[in-house]
Amino acid sequence: MKFIFSYLKKYRGMIIVAMTIKSIAALGELMLPYVLEHMVDDVVPRKSGALIFGWGAVMIALAVFVRQSNVKSNRMSTKVAKESIYEIRRDLFWKSLGLSGNQVDEFGLPSLNSRMTSDSYNVQNFIRSFQAMGVRAPILLIGGIAITLTMDVGLASVLCILAPIMIALVVFVSWKGIPLYEKVQQCVDDIVRIMRENITGIRVVKALSKEDYESRRFGAANEQMAGKDIRAGIVMALPGPLMTFVLNVGLTIVVVVGAVRVNGGVTKPGVILAFLTYFNMISMGVMGLNRVFMMLSKANASASRIAAVVYAEDELVPLPEEEAAVTEREDYIVFDHVGFSYGRETAGTDASKFDGQWRQKSLDDIDFSIKKGGTLGIIGATGCGKTTIINLLMRFYDADEGAVFIDGKDVRTYDKDTLHRMFGVVFQNDVIFADSLKENIAFGRDVSPEQMDAAAADARARDFIREYEDTYEHKAVVRGANLSGGQRQRVLIARALAAAPDILILDDSSSALDYKTDAALRKAIREHHADTTTIIVAQRISSIMSLDDIIVLEEGKIIGHGTHEELLENCPMYREIYRVQMGT
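Worth saying up front: this structure is predicted, and the values here are computed from it rather than measured.

Reading the values: rules and limits
Numbering of residues starts from 1 in every chain and runs along the sequence as written. Residue-level local features of this predicted model are given only where pLDDT is at least 70; pairs of side-chain atoms are given and counted only at 80 or more, and the full residue set underlies all totals for whole chains, interfaces and linings. To get the side-chain values, take all heavy atoms of the structure and skip hydrogens and water. Geometry of aromatic contacts follows a simple scheme: Phe, Tyr and Trp rings, the Trp one being its six-membered ring, pair when their centres are within 6.5 Å, and the pair is stacked under 30 degrees between planes, edge-to-face over 60, tilted otherwise. Segments assigned H or I by DSSP are reported as helices when at least four residues long, segments assigned E as strands when at least two residues long, and all are numbered from the N terminus. Exposure classes here rest on a 1.4 Å probe applied to the protein chains alone. A residue is buried below 20% of its type maximum, exposed above 50%, and partly exposed in between. Geometrically, a lysine NZ or arginine CZ counts as sitting over a ring once it is within 6 Å of the ring centre and also within 35 degrees of the ring normal. Grouping buried Ala, Val, Leu, Ile, Met, Phe, Trp, Tyr and Cys residues that are joined through side-chain atoms within 4.5 Å yields what is termed a nonpolar core. Any two residues having at least one pair of non-hydrogen atoms within 4.5 Å are treated as being in contact. Strand pairing is assigned whenever DSSP detects at least two bridges linking the two strands. Between N-to-C directions, angles cover 0 to 180 degrees, with each direction set by a line fitted to C-alpha atoms, over the stretch in contact for helices. Identification of polar contacts relies on pairs of N or O atoms within 3.5 Å, with a donor-acceptor requirement for protein atoms, meaning one able to donate a hydrogen and the other able to accept it, and with residues adjacent in sequence counted only if both atoms are side-chain atoms. For this document, the term salt bridge refers to a Lys or Arg side-chain nitrogen within 4 Å of an Asp or Glu carboxyl oxygen. Residue-level confidence of the predictor, termed pLDDT, takes values from 0 up to 100.

**Quick notes on the packing of aromatic side chains**
- Applying the stated criterion to the full structure yields 11 aromatic pairs.
- Taken together, a centroid distance of 5.5 Å and an interplanar angle of 80° make the contact between phenylalanine 3 and tyrosine 311 edge-to-face. With a gap of 308 residues between them, phenylalanine 3 in helix 1 (residues 2–8) and tyrosine 311 in the loop between helix 10 (269–310) and strand 1 (333–340) connect regions that are remote in the sequence.
- A residue is classified by how much of its surface remains accessible, and phenylalanine 3, at 6% relative accessible area, is buried.
- Assessed through its relative accessible area of 53%, tyrosine 311 is described here as exposed.
- Here the basic side chain of lysine 372 rests over the ring of tyrosine 332, its NZ or CZ set 4.3 Å away from the ring centre.
- Its end group placed over the ring of tyrosine 515, arginine 540 keeps NZ or CZ at 4.6 Å from the ring centre.

In structure tokens, the structure reads:
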């Protein structure tokens, strides 16, 4: 809970005022039965209409005051909850954007989504409700018992016996419920993951007629979550019926004992009436505490999950120059015998150990360099490490062995934003946002209309964009579903080119383009971006055969390195790919 309260410090003044108003309202609520008892036992016997109406007006005024005070307090509580959860979500969002590749793998995208949504909602609900029920419930409980003790000690002793029992029950059950809600949130992560997979892969699911299979998979995860949620709900709901039973028993005892005492002249009828009202208030106080503890259980589990991300250590901080690796090579980009495995623990041999399992290296002894303004093609089978090279170059991960250099500097010494601004990049399965084509290309950068149009022309996107009536203002829907595959790729390439990057990376970004458009694109890049160092990851030899240098990867190792002609002569795998694709 320290995490939540750390965000509430700046609002403590407003919280104190809101809780003070709520406390005064609760005290006013406690006075209503007391005034009623006074009217029944003292005012009515006088048979004075003026007194009766006068005290009736006092009750009405008190009720209106309580109502307005509660409204004011609730509005302030809602404002605090809204503003504090905005800050929590903001910090969670920014921290999520700054996580290293390892940390994203560790938390998982579905889990980050559920922490941003359901977990933050649980925290918001607790912040709002705690300021209200967290004050009102104890005042009704303790105040009700205190006032009844001044009225009739004998009857009040019934409440004094029952109240501690009910409170202990609530605390014990809530203590048991916190771990259960943590398991529920973990199941929510699984459901979000399955939903995300099916939404993004809806076309594949439909094409393969796997709707029933995915429905069953989702149903199994949903049933698992529902089972854990029901179990947690049952545990947390146990105090409700038990307290109702205890309170009803106590209420029966109060009525029976009270009737005997009234009949014996020991107690007045108004006291019994007030006692019944206070009994209901005390039950409301106990039930309110039960709800507070239930929300506390959920919020505590959710806050721990959010805090794990917000307080996660920044892994990819710039490395001091004196600790950085050095290279004697003068080329612009250098991979110096780089080895890498996905996971946090390296074995130092040909494999890595992660979560107790041995895994093959993703990259092993990768060594190459590119001159300023040079071009490099990377080709190889799926899963051979092509994209991993890009991830290390942009420092989404740090290499386990060797070092990566840009312009003579270890990439680990660059500030993250400075490093990334050097790149124009199109990733595999990159994202078109639900916005205008203009905003998708400019992407919040200071790109002039002329630069944007030139980038679109080079990417061979300008022609189809101008066919729209609203040209660059044309709206793309989520993930660019209203664009063809080739149109999406050309918009993404235009985005990469728009800011005139120092390094251009095209990671399998022309797979949906026909050969003529692909060739025209490469020609435009050569002519208009000659000073840009270009890396093209491709499956088609035609996309890279004209580049200065090509490396061929297999299972994370370079098995061929040279020009197109050199590889045809010296690399059997490259020669086989060329024969299959070119039909020679």
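This is not the end of the story, as more comes after the structure.
**Points about the nonpolar core**
- Ranked by size, the top nonpolar core spans 41 residues in total, and within it Ile379, Ile441, Ile465 and Tyr574 carry the most contacts.
- Ranked by residues supplied to this core, first place goes to helix 16 (residues 485–498) with 7 residues.
- Beyond its immediate stretch of four places on either side in the chain, isoleucine 465 contacts Leu437, Ile441, Ala456, Thr471 and Tyr472.
- By size, the runner-up hydrophobic cluster in this structure holds 32 residues, among which are Ile390, Leu393, Tyr397 and Ile551.

**As for the sheet that holds strand 1**
- With antiparallel pairing, the 4 strands of this open sheet are ordered in space as 5-1-7-8. With partners counted over all chains shown, the strands left at the sheet margins are strand 5 (363–370) and strand 8 (409–410), one partner each.
- Relative to strand 5, strand 1 runs antiparallel, the two being bridged by 5 bridges. Residue pairing across strands places phenylalanine 340 opposite leucine 363, the latter belonging to strand 5.

**Description of the pairing of strand 7 (residues 401–406)**
- Bridging between strand 1 and strand 7 involves 5 bridges; their strand directions are antiparallel. Paired with isoleucine 333 across the bridge in strand 7 is isoleucine 406.
- For strand 7 and strand 8, the ladder comprises 2 bridges, and the chain directions are antiparallel. Paired with phenylalanine 405 across the strands is aspartate 410, a residue of strand 8.
- Here strand 7 hands over to strand 8 after 2 residues, with aspartate 407 in that stretch at a positive phi of 55°.

**So, the sheet that holds strand 6 (residues 375–380)**
- Pairing is mixed across the open sheet formed by 6 strands, whose spatial order is 9-10-11-6-12-13. What marks the edges here is a single partner per strand, and that holds for strand 9 (423–426) and strand 13 (557–562). Direction aside, the axes of adjacent strands within the sheet are offset by 15° on average.
- By the bridge criterion, 5 bridges tie strand 12 (residues 549–554) to strand 13 in an arrangement that is antiparallel. Bridge pairing in strand 13 places isoleucine 550 opposite glycine 562.
- Relative to the sheet, helix 19 (residues 572–582) contacts strand 6, strand 12 and strand 13, its axis offset from that of strand 12 by approximately 100°.

**Quick word on the pairing of strand 12**
- Buried residues dominate strand 12, accounting for 5 of its 6 residues.
- Relative to strand 12, strand 6 runs parallel, the two being bridged by 5 bridges. Residue pairing for strand 12: isoleucine 379 is matched across the bridge by valine 552.
- Linking two consecutive strands that pair antiparallel, namely strand 12 and strand 13, is a turn of 2 residues; a positive phi of about 50° is found at glutamate 555 within it.

**Notes on the environment of threonine 148**
- Mapped onto the secondary structure, threonine 148 falls in helix 5 (residues 109–151).
- Remark: the alpha-carbon pair of threonine 148 and valine 271, spanning 123 residues in sequence, is separated by 8.7 Å.
- Apart from the residues within four sequence positions on either side, threonine 148 is in contact with Val153, Ala156, Leu159, Phe275 and Tyr278.
- Reaching out from threonine 148, the side chain makes a polar contact with the backbone oxygen of isoleucine 145 at a distance of 2.7 Å.

**Some points on the pattern of salt bridges**
- Counted according to the given criterion, the structure contains 19 salt bridges.
- The closest approach of N and O atoms between lysine 10 and glutamate 87, which form a salt bridge, is 3.1 Å. A residue pair is termed long-range when its members are at least 10 positions apart, and lysine 10 in the loop between helix 1 and helix 2 (12–43) and glutamate 87 in helix 3 (residues 49–97) qualify at 77 residues.
- Ionic contacts of the salt-bridge type, sharing partners, join the residues Arg329, Asp336 and Asp367 into one network.

**Remarks on the confidence of the model for the protein chain**
- Overall, the predicted model of the protein chain reaches an average pLDDT of 84, with 93% of residues at or above 70.
- The low-confidence segment residues 345–358, where pLDDT is below 50, has 26 contacts with residues more than four positions distant or belonging to other chains.

**Some thoughts on the environment of glycine 380**
- Take glycine 380: it is sitting in strand 6.
- Leaving out residues up to four positions away in the same chain, glycine 380 has contacts with Lys386, Ala538, Gln539 and Leu553.

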